[in-house]
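Listed here are the chains, written in short residue letters.
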Amino acid sequence: MARAENKVEAGGTAHLVAALAKALREQLGLTQEELGKRLGYTASAISAMETCAQPASDKMLVGLEEEIGGGLGIFQKARRWMLLEKYPARFRGFSEMEAGAITISSYETLVVDGLFQTEEYARALIGGGYPPVSEQKREELVEARLARRALFDRDPAPMIELILEESVLRRPFGSWEILRGQLRSLIEDAQRDNVCLQVLPLERGLRGTYAGARGSMKLVVTKDHEHVVYMEIEDQGILVSDPPEVSQLAHRYAKIRAQALSPDDSISLIERLAGEKQ
């Protein structure tokens, strides 16, 4: 939805795209209505894009490149930066590391890792958070989150490991059907050659040792072979790069992984919870 406050919140890329789109449209002698018809949008949608009342979506950027880009690739290149601006500020720096990582190892205690979320799960999770966000901001965040899934098919493909607390698999957002859809999606993602999925069972603490009590973390080996750990606590992003600290967290993660169910047993559990298996 076009809103006046979006003009203030819009980033530099959104303003640059708006200015270029308007200039190229006028250079071609097109009205907002004429360009809108070519792209499948209304004239008011084009106007909102050009004033940043509603910054261009990824779909609109693709259309702008085809219709008025002139083969320069400007709008195509802008897609990456527009999506980056839609991430929360705390996540933007890490998102670049994630996109180029060669190994990603995540442990999640409350929700499904964002990289693995379905559209419906992400929308329910973001829309139900506090403080509440506008419908437009919610959709921007959902779009940006889903764009991260391109990492699964990147060439060369990174190795991706995910350990989920069993409670995550039982915690619904939006509806039970949304949760079941998310569980089925996890099963599908786990079939990828570059993905390993494990579950830390609820009763692990009954065995006397439980390494996951201190919360979620994400370990990354960057394209430059640097080892870093990223954590989020109450909307605060923490990036750890000091080798001794990273090493300690990596050892803790290894202990969590050792205490989790095997990949095969983990998938069997998810299938049962999703109703795919008795």
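Just so you know, these numbers come straight off a predicted model, no measurement behind them.

A look at the packing of helix H3 (residues 32-39) against helix H5 (residues 58-68)
At a closest axis distance of 10 Å, the pairing of H3 and H5 adopts a crossing angle of 110°. Taken as axis vectors, H3 and H5 run roughly perpendicular relative to one another. Together, Leu35, Arg38 and Leu39 of H3 and Met60, Gly63, Leu64, Glu67 and Ile68 of H5 make up the contact between the two elements. Residues belonging to the contact of H3 with H5 are distributed by class as follows: five nonpolar, one polar and two charged.

Focus: the pattern of salt bridges
Any two side chains of opposite charge can pair, on the condition that their charged atoms come close. In this structure the tally under the stated criterion is 17 salt bridges. Among the salt bridges present, the one from Lys37 reaches Glu33, with a minimum N-O distance of 3.9 Å. Here Lys37 pairs with Glu33, and both are found in helix H3, just four residues apart, close to one helical turn. Glu33 gets classed as partly exposed once you look at its relative accessible area, which sits at 46%. Between Arg123 and Glu119 there is a salt bridge, with its nearest N and O atoms 2.8 Å apart. Taken together, the residues Arg123 and Glu119, both in helix H8 (residues 119-127) and four residues apart, mark about one turn of the helix.

Focus: H8
Given 3.6 residues per turn, any residue in an α-helix points the same way as the ones three and four places further on. What H8 keeps buried is the set Tyr121, Ala122, Leu125 and Ile126. Viewed end-on, H8 has its buried residues packed into an arc of 120°, placing them on one side of the element.

The rules behind these values
Residues numbered from 1 in each chain as written. Predicted model: local features only at pLDDT ≥ 70, side-chain atom pairs only at ≥ 80, totals over all residues. Heavy atoms only, no water. Axes fitted to C-alpha atoms, helices over the stretch in contact; angles between N-to-C directions. Helix = DSSP H or I, 4+ residues; strand = E, 2+ residues; numbered from the N terminus. Parallel < 35°, antiparallel > 145°, perpendicular 65-115°, else oblique. Contact = heavy atoms within 4.5 Å. Nonpolar A, V, L, I, M, F, W, Y, C, P; charged D, E, K, R; others polar. Salt bridge = Lys/Arg side-chain N within 4 Å of Asp/Glu carboxyl O. Buried < 20%, exposed > 50% of the residue type's maximum accessible area, 1.4 Å probe, protein only. Arc of directions from axis to C-beta.

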